[in-house]
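# Residue-level structure breakdown
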Amino acid sequence: MERSVLRGLSTAAALGLLLVACARPDAAAAPEPGFEAAPDFELASLDGGRVSLADFSGRVLLVEFWATWCAPCHVQREILEPLYRQHAGSGVEFLAVSLGEPEAIVREFAGRRPFPYPVLLDPNEELGEALRIFALPTVMIVDRQGRIAYLRPGISDGETLDRELRAAAAAAAPAASDRAAA
C-alpha cells in the first residue's frame, strides 16, 4: 500500500515538473474564447511561403503551438493527426506553429517526423505573445467569423477538440451585410 502511494506521488511530482518545464514564466491572461477576434498574423512556413490568418477566412482553423523540445507537444500532435484526417475536406484547416525556435531546428525535426499539415515559424514568439501563450502545447480554434472559439494550454483530448471543431464549424459565417458594414 505504501509503495503504491509513494509511486503515485512520484508520478504526480514528475508530471508537475514536466508542466512547469513547458510553462513560460512571463504568463499573462490569455484572450477569452468566444469574444475576441484572433490576432492577425503572417508567418513563414517551412515550405518557403507565408501564411496569414486572412488565408483562412470563412473556414475553421485549429492552431497547435508547440516546440521540438516539448514532450507534451508530441503527445498533442498524436491526438491531432487523426482529427486532421477526420476533418479533411470539411472546411477545417490545421496549422502547427513552432514558438521560439530557429528554422533549422524546426526543419530538422519536421524532416524526421513530418507533419500532415503546414508548419509555421514564430521564432520571435510574436503571435505567441499576442495570444499570451504561457505553456506548450497550446491549442487554439478560430471559428468561421475569425473569433477565438477555443484556447487552452496543456494537452487537449481528441473528444473535446472534435466537439469544439464541430461547434466552430456550425457557427454561422458573417452575412454579406455584416461584412459590408465592417
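Residues numbered from 1 in each chain as written. Predicted model: local features only at pLDDT ≥ 70, side-chain atom pairs only at ≥ 80, totals over all residues. Heavy atoms only, no water.

### Quick look at the state of the cysteines
Here is the idea: a disulfide is a covalent bond, and it sits between the sulfur atoms of two cysteines. Note the cut-off: Cysteine sulfur atoms that pair up within 2.5 Å are treated as a disulfide. Partly exposed describes any residue whose relative accessible area lies between the buried limit of under 20% and the exposed limit of over 50%, with all areas from a 1.4 Å probe on protein chains only and scaled to the type maximum.
One pass over the full model with this rule turns up one disulfide. A sulfur-sulfur separation of 2.5 Å characterises the disulfide bridge that pairs Cys70 with Cys73. Given an S-S torsion of about 80°, the disulfide between Cys70 and Cys73 has right-handed geometry. The burial state of Cys70 is the same as that of Cys73; both residues are buried.

### Considering the pairing of strand β3 (residues 60-66)
To be explicit about the condition: In DSSP terms, a helix is any run of H or I states spanning at least four residues, a strand is any run of E spanning at least two, and both are numbered starting from the N terminus. In this scheme, strands are said to pair when DSSP sees at least two bridges between them. The crossover handedness rule: strands pointing away from the viewer, path from first strand over the helix to second strand clockwise, crossover right-handed.
For β3, a buried count of seven out of seven residues is recorded, marking the element as mostly surrounded by other parts of the structure. Of the two faces of β3, the one carrying Val60, Leu62, Glu64 and Trp66 and the one carrying Leu61, Val63 and Phe65 are both buried. Sheet analysis places β3 next to strand β4 (residues 92-99), joined by seven bridges and oriented parallel. Counterpart to Phe65 in the pairing with β4 is Val97. Taken together, β3, helix α2 (residues 71-87) and β4 form a β-α-β motif whose crossover is right-handed. Strand direction decides the pairing type here: β3 and strand β6 (residues 138-142), joined by five bridges, are antiparallel. Residue pairing in the sheet places Leu62 in a bridge with Ile141 of β6.

Function cannot be inferred from these measures alone, as they are strictly geometric.
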